[in-house]
Amino acid sequence: MANVTVTIDGQRIEVEEGMYILQAAEQLGIKIPTLCYYPHMAPYAACRICAVEARDNKGWTKIVTACNYPVWDGLHVVTDTPRVLNARRVNLEMLLSRCAKVPVLARLAEEFGITEPRWGQGDDTCIKCGLCVRICDEVVGAHALAFADRGINREISTPFKLESQDCILCGACARYCPTGHIQMTDIEDRILHSELMLGPNAAIRIPFRQAIPNVPRIYGNQCIHMKTGGCMLCAKVCPKECIDFNDRDQIEEIEVGAVVVATGFADFDPTPMKQYGYGKYPNVISALEFEQMNNAASPTSGKIVLEDGSEPRSIAILHCIGSRDENQHKYCSRVCCMYALKFAHLVKEKTSAEVYQLYIDMRAFGKGYEEFYHRILDEGVNVIRGKGAEVVPAQSNRSEEGGLLVCCEDTLIGKYRQIPVDMVVLCTALEARADAADLARKLSISKGADGWFIEAHPKLAPVSTTTDGVFLAGACQGPKDIPDSVAQGSAAACQALRLLSMGEVMLDGAYAVITEELCSGCKICNGLCPYTAISFDETKKVSVVNAALCKACGTCVAACPSGAIQGRHFTDDQIYAQIEGILA
């Protein structure tokens, strides 16, 4: 499209033909007020506060709306004449006569010197700009909002004034509503701790600050385009054209020299432990939910609040939920004690609430951890040795002290206690991922009864596995805190680099060998090998052992019905010779 030259407030600029005055003024840094403009939609000029004066060289002049008036060659635009300012002031006064002085209108009224509108002051917070309807229709593609009636009776509603089933709760209407008339809140104005992670997150974001690679990704369950087929604004504005919604998953086979397994852990779901009331009683939350609430970017802006938005007066933090439990996980999750102490410190720092720590054994094992524990005691945290047995709603005679009662036995004083609190935080266990067994099978590595991957040797080879070239890093091997995970990750990386830099691999002298003349091709050994070291040669109709994969476990040797497989250095003659040597 051809370029044209326009003049705005005496400044000449060359812009693309068809561009609107408002866009051209922005390029010059000239501010034109508007309430209903959004760059990725057709302009509507509903508020008419963006009025400017358009002129040509022949004396023609006219008041136009800058957001939807296209530029043309030789156009002169003036944005600050008395005529323009009066047009904006009149339009704003007419708007204020119907609407309340919401912050954006109050700022404009102050800018134009309007103290009292000539036609009175309204109380409606919606200015009927229709931005929400057009966003929902043109950008989102959900068509959940519509205009109703005309003129001064015009209003925004769901189609046919019924509860809309088309709304996808994307929040676009609330985000771009200029007056705050539309807000994303719970229907009962609650703060649902279990849904805090769903609140402020955009569909495109970096998973976490230390993510590698440190680049944004699109989350399909929150992306408007994935839900309705609309939007795609990210693809339109990306200068590098990095986003392709037509791209599809592809499976690629890559030859590698080493594998580092760093699949992490899963957070224990306390719902099955009915005695704690998680998911049943309000303000009983998990440690992960409490951590999210403390995040400055959370919907609560980092404030610790109850479901009704008030500050808690007392909080109980229960240790070992799912850990050291015969019915759940028998092992200690290792990190719970210290993050529970961190939670207590945050509560004391942000609120005036009483904090109760209910623990079995305090395991402050790391550098500076014991000192932090004593710091928590000095801050006035109530530390009770005794696992929380049950959480129940407070009885009417104790409801003023707190909405919940934590039942426990204080083993240090030998008494049964009921502690009234407003909030309960459950320090949940770290557990192995549900898909750990599938990955262990694919990589031919071992997995323990508790679900964690097993290392080759707990002291001499803590990051190696029984499969050469596969190494473990982080909490996939067992519960670990951040320093230990970092240390093990560095060790695994070093082992992988050492293997890759060798150039050639040293194999163990012991491995299985197959005598082809004796092999009947029954394939029994192929299915039994735990390391997938045995394959079948379709040409010779015999099984073949890959010596690099074989670990000389002897499973195939014992199972071969024809005795065609022998363990190298472990033949019958060699074992008999060893016995004779010992007896001699």
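Residues numbered from 1 in each chain as written. Predicted model: local features only at pLDDT ≥ 70, side-chain atom pairs only at ≥ 80, totals over all residues. Heavy atoms only, no water.

Focus: the packing of aromatic side chains
Here's step 1: Inspection of the entire model under this criterion finds 7 aromatic pairs.
Here's step 2: Linked through ring pairs, F290, Y339 and F343 together constitute an aromatic cluster.
Here's step 3: The ring of Y219 carries the charged tip of R205 above its face, separated from the ring centre by 3.8 Å.
Here's step 4: Between the NZ or CZ atom of K523 and the centre of the ring of F536, over which it lies, the distance is 4.5 Å. (Phe/Tyr/Trp six-rings, centres within 6.5 Å; stacked < 30°, edge-to-face > 60°. Lys NZ or Arg CZ within 6 Å of the ring centre and 35° of its normal.)

Describing the sheet that holds strand 13 (residues 314-321)
Here's step 1: Here 5 strands make up an open sheet; going across it, the order is 12-19-13-14-15 and the pairing parallel. Single-partner strands in this sheet number two, and they are strand 12 (284-286) and strand 15 (382-385). Looking at each pair of strands side by side, their axes are set apart by 20° on average, direction ignored.
Here's step 2: In this sheet, strand 19 (residues 423-428) lies alongside strand 13 in parallel orientation, the contact comprising 5 bridges. Across the sheet, the residue bridging to A316 is V424, located in strand 19.
Here's step 3: Relative to strand 12, helix 8 (residues 287-294) is tilted by about 90°, and along the sheet it contacts strand 12 and strand 19.
Here's step 4: Together, strand 13, strand 14 (354-359) and strand 19 form the strand contacts of helix 9 (residues 336-350), whose direction differs from that of strand 14 by roughly 170°. (Pairing = 2+ DSSP bridges. Helix = DSSP H or I, 4+ residues; strand = E, 2+ residues; numbered from the N terminus. Axes fitted to C-alpha atoms, helices over the stretch in contact; angles between N-to-C directions. Contact = heavy atoms within 4.5 Å.)

Description of the sheet that holds strand 16 (residues 388-393)
Here's step 1: Strand order in the open sheet formed by 3 strands is 16-17-18, and the pairing between neighbours is antiparallel. Single-partner strands in this sheet number two, and they are strand 16 and strand 18 (415-421). Within this sheet the neighbouring strands show an average axis-to-axis angle of 25°, counted without direction.
Here's step 2: The sheet contact formed by strand 17 (residues 404-410) and strand 18 spans 7 bridges and is antiparallel. Looking at the pairing, L404 lines up with V421 of strand 18.

Digging into the nonpolar core
Here's step 1: F290, I317, M423 and V425 are the most contacted members of the largest nonpolar core, which has 36 residues in total.
Here's step 2: The dominant element in this core, judged by the number of residues it contributes, is helix 9, at 9 residues.
Here's step 3: Beyond its immediate stretch of four places on either side in the chain, I317 contacts A340, F343, A344, V355, Y356, Q357, L358, V425 and C427.
Here's step 4: By size, the runner-up hydrophobic cluster in this structure holds 29 residues, among which are C36, Y38, V102 and A142. (Core = buried A, V, L, I, M, F, W, Y, C linked by side-chain atoms within 4.5 Å. Buried < 20%, exposed > 50% of the residue type's maximum accessible area, 1.4 Å probe, protein only.)

Comments concerning the domain arrangement of the protein
Here's step 1: Its domain assignment divides the protein into domain 1 (3-112), domain 2 (130-244), domain 3 (257-506) and domain 4 (512-583).
Here's step 2: For domain 1 versus domain 4, the separation of C-alpha centres amounts to 85 Å. (Domains from an automatic or database assignment.)

A word on the packing of helix 8 against helix 9
Here's step 1: With their axes 12 Å apart at the nearest point, helix 8 and helix 9 run at an angle of 40° to one another. Where helix 8 crosses over helix 9, the two elements pack in a sense that is left-handed. The segment helix 8 lies against helix 9, with A287, F290, E291 and N294 engaging Y339, K342, F343, L346, V347 and K350.
Here's step 2: Here the contact of helix 8 with helix 9 is built from residues that sort into 6 nonpolar, 1 polar and 3 charged. (Left-handed = near helix turned anticlockwise from the far one by under 90°. Nonpolar A, V, L, I, M, F, W, Y, C, P; charged D, E, K, R; others polar.)

Brief notes about the packing of helix 9 against helix 10 (residues 369-378)
Here's step 1: Relative orientation of the contacting elements helix 9 and helix 10 amounts to 35°, with a least axis distance of 10 Å. Here helix 9 runs over helix 10; the crossing is left-handed. Facing M338, L341, K342, A344 and H345 of helix 9, the residues of helix 10 in contact are Y369, F372, Y373, R375 and I376.
Here's step 2: Taken together, the residues that form the contact of helix 9 with helix 10 break down as 7 nonpolar, 1 polar and 2 charged.

A short note on helix 8
Here's step 1: Counting buried residues along helix 8, 6 of its 8 residues qualify, which places the element largely inside the surrounding structure.
Here's step 2: Of all the positions in helix 8, only A287, E289, F290, Q292, M293 and N294 are classed as buried.
Here's step 3: Where helix 8 is buried, its residues touch strand 12, helix 9 and strand 19.

Examining the side chain of T428
Here's step 1: Here T428 is to be found in strand 19.
Here's step 2: Reaching out from T428, the side chain makes a polar contact with the side chain of D267 at a distance of 2.8 Å. (Polar contact = N/O pair within 3.5 Å; in protein donor to acceptor, adjacent residues only side chain to side chain.)

Some points on the pairing of strand 23 (residues 534-537)
Here's step 1: Side chains of strand 23 alternate between two faces, with I534 and F536 buried and S535 and D537 left unburied.
Here's step 2: Here strand 23 folds back onto strand 24 (residues 542-545), and the loop between the two strands holds 4 residues, one of which, K541, carries a positive phi near 60°.

A look at the pattern of salt bridges
Here's step 1: Summed over the entire model, instances satisfying the criterion amount to 18 salt bridges.
Here's step 2: For E53, the salt bridge identified is with R55, shortest N-O distance 3.2 Å.
Here's step 3: Residue class for E53 comes out buried when judged on its relative accessible area of 6%.
Here's step 4: Across the pair D468 and K551 runs a salt bridge, and its minimum N-O distance is 2.8 Å. (Salt bridge = Lys/Arg side-chain N within 4 Å of Asp/Glu carboxyl O.)

Comments concerning a nonpolar patch on the surface
Here's step 1: Residues F570, I575, Y576, I579 and L583 make up a contiguous nonpolar surface patch of about 550 Å² in total accessible area.
Here's step 2: Note on placement: I579 falls in helix 15 (residues 572-583). (Patch = residues over 30% accessible without salt bridge, like charges linked within 9 Å, V, L, I, M, F, W, Y side chains within 5 Å. Areas by Shrake-Rupley, 256 points an atom, 1.4 Å probe, with all protein chains shown as cover.)

Describing the pairing of strand 17
Each regular strand displays side chains that alternate between the two surfaces of the sheet.
Here's step 1: Across the 7 residues of strand 17, 6 count as buried, placing the element largely inside the fold.
Here's step 2: Here 5 bridges tie strand 16 to strand 17, and the two strands are oriented antiparallel to one another. Looking across to strand 17, one finds that V391 is bridged to V406.
Here's step 3: Between the antiparallel neighbours strand 17 and strand 18 lie 4 residues, among them G414 with a positive phi of about 65°.

Describing the state of the cysteines
A covalent bond bridging the sulfur atoms of two cysteines is what the word disulfide describes.
Here's step 1: One pass over the full model with this rule turns up 0 disulfides.
Here's step 2: C407 takes part in no disulfide bond, and the closest cysteine sulfur to it belongs to C408, at a distance of 7.8 Å.
Here's step 3: We classify C407 as buried; its relative accessible area is 4%. (Disulfide = S-S within 2.5 Å.)

Some words on the side chain of N283
Here's step 1: You can see N283 is positioned in the loop between strand 11 (266-267) and strand 12.
Here's step 2: Polar side-chain contacts of N283 include one of 2.8 Å to the backbone nitrogen of E307.
Here's step 3: If we skip the residues at most four places from it in the chain, N283 touches H193, L306, E307, L404, D422, M423 and V424.

Some points on unusual backbone geometry
Here's step 1: Of note, R48 is a non-glycine position whose phi angle comes to about 60°, a positive value.
Here's step 2: On the basis of relative accessibility, which here comes to 43%, the residue R48 falls in the partly exposed class.
Here's step 3: Positive phi, close to 70°, is recorded for K523, a residue that is not glycine.
Here's step 4: Along the chain, K523 turns up in the loop between strand 22 (512-514) and helix 13 (524-528).

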